Amino acid sequence: MITLKFYGHACFTVTHKNTTLLFDPFFTGNPANPASPDEVNCNYILVSHGHGDHLGDTIAIAKRTGATVIGTAELAALVEQQNCANISMHLGGKRSFDFGYVRITPAFHGAGIPGGHAAGFIVSFFGKTLYFAGDTALFGDMALLGRLEKIDYALLPIGDNYTMGPDDAVEAVKLLQPQAVIPMHYNTWPVIAQSPEAFKEKITAMNIPVHIMNPGESMEL
């Protein structure tokens with residue numbers, strides 16, 4: 001059994017038995033997050049970029065749990081300065097892990113750290129493939145990602161202003177052709193307020209299910 005849990009904004013965990021991956025752990029200061037960073041345990045932390053609402057509590061959680069941070073070389077160097085275990089990867093790279101593999105994908109967004117790149121992740125996790133897009137604009141090579149990987153769940157930002165909005169996310173789904181979609185990065189603040197129900201209606205018309213997750217909710221993959 002694989003469990004996906006949403007903590008608001010772009011923060012998720014995915015768990016199978018004793019292995020948990022944590023994505024973009026923005027707990028402290030997140031008005032949409034119902035949990036404390038001290039409550040979360042994980043083996044790996046995947047960080048898409050260095051903005052505070054994504055890097056978030058990475059260092060504190062990594063130090064407390066001993067989790068390994070996975071990210072671009074610049075981000076890995078940043079957490080290494082704080083004596084956190086890390087694995088340095090970069091755009092286009094793919095690496096095997098005990099749970100499957102991680103492919104780092106481009107994301108069109110600011111890096112939040114000098115010399116860095118924003119990124120997304122395609123993760124094969126005990127047989128399920130998740131695409132965590134990170135903060136990104138719509139880009140045509142999402143079609144290539146959809147050809148390279150058979151994506152079971154696409155976690156896509158829909159908030160607009162800082163990332164693609166709902167209409168562009170609909171186009172992203174057409175390019176990626178995932179089996180299911182989970183919207184993220186919306187309604188944390190008024191500037192990214194959106195209706196996930198309206199987004200869902202457009203995607204459902206394409207015969208692709210959309211799972212709207214409220215902060216604190218879990219679902220089985």
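Preceding this section is the structure that the text describes.
Residues numbered from 1 in each chain as written. Predicted model: local features only at pLDDT ≥ 70, side-chain atom pairs only at ≥ 80, totals over all residues. Heavy atoms only, no water.

Novice: Explain the environment of I192 here, please?
Specialist: Here I192 is to be found in the loop between β12 (180-184) and α6 (196-204). Using a relative accessible area of 0% as the deciding quantity, one classes I192 as buried. Distance in space between the C-alpha atoms of I192 and T163 is 9.0 Å, their sequence separation being 29 residues. Beyond its immediate stretch of four places on either side in the chain, I192 contacts H9, G159, D160, Y162, H185, Y186 and N187. (Helix = DSSP H or I, 4+ residues; strand = E, 2+ residues; numbered from the N terminus. Buried < 20%, exposed > 50% of the residue type's maximum accessible area, 1.4 Å probe, protein only. Contact = heavy atoms within 4.5 Å.)

Novice: What exactly am I supposed to notice about the sheet that holds strand β10 (residues 128-132) here?
Specialist: Two strands in a sheet stick together by hydrogen bonds in their backbones, pointing the same way (parallel) or opposite ways (antiparallel). With mixed pairing, the 6 strands of this open sheet are ordered in space as β7-β8-β9-β10-β11-β12. Looking along the sheet, the strands with just one partner apiece sit at the ends: β7 (94-97) and β12. When strand polarity is set aside, the average angle formed by the axes of neighbouring strands in this sheet is 20 degrees. When strand β11 (residues 153-157) meets β12, the two strands line up parallel, connected through 5 bridges. Looking at β12, one finds that Y153 is bridged to A180. The strands touched by helix α5 (residues 166-176) within the sheet are β10, β11 and β12, with β11 carrying the most contacts at an inclination of about 155 degrees. (Pairing = 2+ DSSP bridges. Axes fitted to C-alpha atoms, helices over the stretch in contact; angles between N-to-C directions.)

Novice: Mind showing me how you'd approach the sheet that holds strand β3 (residues 19-23) here?
Specialist: What the 7 strands build is an open sheet, ordered β6-β5-β4-β3-β2-β1-β13; its pairing is mixed. Edge positions in the sheet fall to β6 (86-89) and β13 (218-220), since each of these pairs with one other strand and no more. Strand-to-strand, the axes of this sheet are offset by a mean angle of 20 degrees, without reference to chain direction. Those strands touched by helix α2 (residues 58-65) are β3, β4 (44-46) and β5 (68-72), and its axis lies near 170 degrees from that of β4.

Novice: What is the right way to read unusual backbone geometry from this model?
Specialist: Comment: phi is negative for the bulk of residues other than glycine, and the bulk of peptide bonds are trans. Non-glycine residue N161 carries a positive phi angle of around 65 degrees. Along the chain, the position of N161 falls in the loop between β11 and α5. Among the residues examined, N161 registers a relative accessible area of 51% and is labelled exposed. Even without glycine at this site, N187 takes up a positive phi of about 65 degrees. By the element assignment, N187 lies in the loop between β12 and α6.

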